[in-house]
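# Structural characterization, general
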Amino acid sequence: MSDTPIDRVAKATPPSVASKIRGLSDRAIAWLFVLPTIFLLLAVNIFPLIWTINLSFTNFRANRPNREVDYIGLRNYERILTDEDIWLTMQATAHFLFWTIFFQVLIGFTLAWLINRKFKGNDLWTTLIVLPMMLSPAVVGNFWTFLYQPQIGLFNYGISFLTGIDPSSFQMIGDVTLAPWSIVIVDTWMWTPFVMLICLAGLRSIPDYIYEAAEIDRASQWRQFWTITIPMVLPFLMLAVLFRGIENFKMFDLVVQLTGGGPGSITELTSINLKREAFEKWRTGYASAYAIILFVTVFGLASIYVKALNKVKER
Amino acid sequence: MSQFVHGLMRFRRGPWEMLASVLIAIGVVMLMQPVVLWAYTYSFIVTLTGTVMFIVVSHFPD
């Protein structure tokens with residue numbers, strides 16, 4: 001019989017403790033470790049979800065807890081899905097989603113492509129570019145409110161310097177036409193570095209020998225870009241688009257700090273509208289149905305996201 | 001294309017997941033388009049069908 005350290009520890013273990021441990025199978029020990037997490041998941045995620053689904057079929061109002069609650073079937077869903085005001089907030093969200101993703105992918109990929117070319121100070125530039133991403137959205141919202149000030153804001157002065165327009169002649173946050181673009185600019189400023197990092201990972205995963213083979217075949221730089229770089233970075237780009245899409249669909253803090261949904265309700269995204277229905281108008285049942293609609297949409301997008309992630313992993 | 005249809009007929013995971021993903025994407029586009037109200041009205045049922053289908057077909061064999 002070998003006398004390994006494990007054997008020595010086993011021999012030194014008091015018989016009462018050893019018998020207790022021996023009584024549990026590996027499977028039981030595994031369950032013992034997993035159970036607290038499962039319990040937490042059920043209490044924090046699954047139970048509220050089931051409760052919200054239940055509330056979405058009622059006319060419950062959280063500010064009138066003693067009022068009798070009636071089950072009204074699918075009427076909340078019917079109201080939301082035929083309400084033109086909510087349709088408008090969906091369109092505001094779509095405008096925000098489309099343009100932020102468009103600019104973030106365009107600028108993020110260009111930056112990644114430039115950073116990927118080895119040059120002096122490469123690491124320093126990468127660090128500087130990723131700084132906005134590390135800030136809190138609430139801080140960024142406040143910070144950009146000052147930048148957008150028509151009298152003292154640097155943004156207006158920058159535009160004035162470039163175009164010659166009077167800096168106090170336009171208001172980024174107060175104007176109905178410019179306000180949707182003001183939130184697009186800030187989100188792009190904050191999250192382009194994230195897209196850049198994902199694209200950089202994609203670019204760095206392309207082996208050099210593929211480019212060397214293309215050079216031997218006398219493929220031009222342009223041809224190499226379209227037939228090697230783009231197809232090989234595409235799964236990473238897809239991942240970035242889906243990730244930003246899901247995140248921006250739920251966007252709340254940054255826009256609340258920046259515009260508060262205004263002027264009027266022109267920048268009122270779905271999450272802000274949902275919060276108003278739930279905690280300002282106190283239509284809890286209605287807001288629950290609204291939340292379920294958004295949840296199913298995000299869950300659907302997340303399913304595609306996981307599929308894309310697995311494809312990237314397979315590479 | 002024929003491989004895709006063959007996969008659907010044999011209940012293979014890949015093509016069915018693709019179909020579910022397309023349904024989800026169509027649902028999201030219907031939800032956010034600014035053109036017709038009826039597309040917005042039926043968007044939720046399309047997305048829900050796609051999402052439930054995705055959960056079911058992800059258990060199909062490869």
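Every chain begins its residue count from 1, and numbering advances along the sequence as written. Just so you know, chain letters begin at A and ligand numbers begin at 1, following the order they were written in. At least 70 in pLDDT is required for a residue's local features to be given in this predicted model, at least 80 for side-chain atom pairs to be given and counted, and no such filter applies to totals for whole chains, interfaces and linings, which use all residues.

The test is simple: UniProt positions are given in the numbering used here, feature names are shortened, and annotations may be inferred rather than shown by experiment.
With an unreviewed UniProt entry as reference, chain A is termed Trehalose transport system permease protein SugA, source organism Roseibium album. In its Sequence similarities (unreviewed entry) section, UniProt records this for chain A: "Belongs to the binding-protein-dependent transport system permease family." In UniProt, chain A has this text filed under Subcellular location (unreviewed entry): "Cell membrane".

## Some remarks on the overall build of chain A
Short version of the rule: Labels follow the DSSP assignment, with helices taken as runs of H or I lasting at least four residues and strands as runs of E lasting at least two, numbered in each case from the N terminus. Only the C-alpha atoms count toward the radius of gyration. The rule for a globule is 2.2 Å times the residue count to the power 0.38. C-beta atoms are first placed from the backbone for all residues, and any pair lying within 7 Å is then listed as a contact.
Looking only at helices and strands, one finds 14 helices and zero strands in chain A. If you list the helices and strands of chain A from N to C, you get α-α-α-α-α-α-α-α-α-α-α-α-α-α. For chain A, whose C-alpha radius of gyration is 27 Å, the value lies well above the compact-globule estimate of 20 Å for 315 residues. Dimensions of chain A, computed from the C-alpha atoms along their principal axes, are close to 90 × 75 × 35 Å. For chain A, restricting intrachain contacts to residue pairs at least 6 apart in sequence, the fraction spanning at least 24 positions comes to 72%.

## Describing helix 2 (residues 13-32) of chain B
This is how it is decided: A helix is expected to span 1.5 Å multiplied by its residue count minus one. Residue burial here comes from a neighbour count, namely the number of other C-beta atoms, placed from the backbone, that lie within 10 Å of the residue's own C-beta, with 20 or more meaning buried, 12 or fewer meaning exposed, and in between meaning partly exposed.
In a regular helix each residue adds 1.5 Å, so 20 residues correspond to 28 Å; helix 2 of chain B covers 29 Å between its end C-alpha atoms and thus fits that length. Along helix 2 of chain B, the positions that sit buried rather than exposed are Ala 20, Leu 23, Ile 24, Gly 27, Val 28, Met 30, Leu 31 and Met 32 of chain B.

## Comments concerning the UniProt feature "transmembrane region" (unreviewed entry) in chain A
Within this numbering scheme, the UniProt entry marks residues 29-51, 96-115, 127-147, 178-203, 224-246 and 287-306 of chain A as carrying the feature "transmembrane region" (unreviewed entry). Across residues 224-246 of chain A one finds 100% helix and 0% strand; the C-alpha atoms that close the span lie 32 Å apart.

## Some remarks on the interface of chain B and chain A
Residue-level contacts link 17 residues of chain B with 18 residues of chain A. Within the residue set of the side of chain B that touches chain A, elements represented by two or more residues are helix 2 and helix 3 (37-57) of chain B. Residue contributions to the side of chain B that touches chain A peak at nine residues, all from helix 3 of chain B.

## Topic: the environment of Met 9 of chain B
Residue and element names in this part refer to chain B. Position of Met 9 relative to the elements: it lies in helix 1 (residues 2-9). We classify Met 9 as exposed; it has 9 C-beta atoms within 10 Å. Note: C-alpha distance between Met 9 and Ala 25 (16 residues apart in sequence) is 23 Å.

## Considering the UniProt feature "domain: ABC transmembrane type-1" (unreviewed entry) in chain A
Here the UniProt feature "domain: ABC transmembrane type-1" (unreviewed entry) sits at residues 90-305 of chain A. Secondary structure content for residues 90-305 of chain A is 74% helix and 0% strand, and the end C-alpha separation is 21 Å.

## Re the environment of Gly 50 of chain B
Structurally, the position occupied by Gly 50 of chain B is in helix 3. Spatially, the C-alpha atoms of Gly 50 of chain B and Leu 19 of chain B are 8.0 Å apart, while their sequence positions differ by 31 residues. Setting aside residues no more than four positions away along its own chain, Gly 50 of chain B makes contact with Gly 300 of chain A together with Ala 20, Leu 23, Ile 24 and Gly 27 of chain B.

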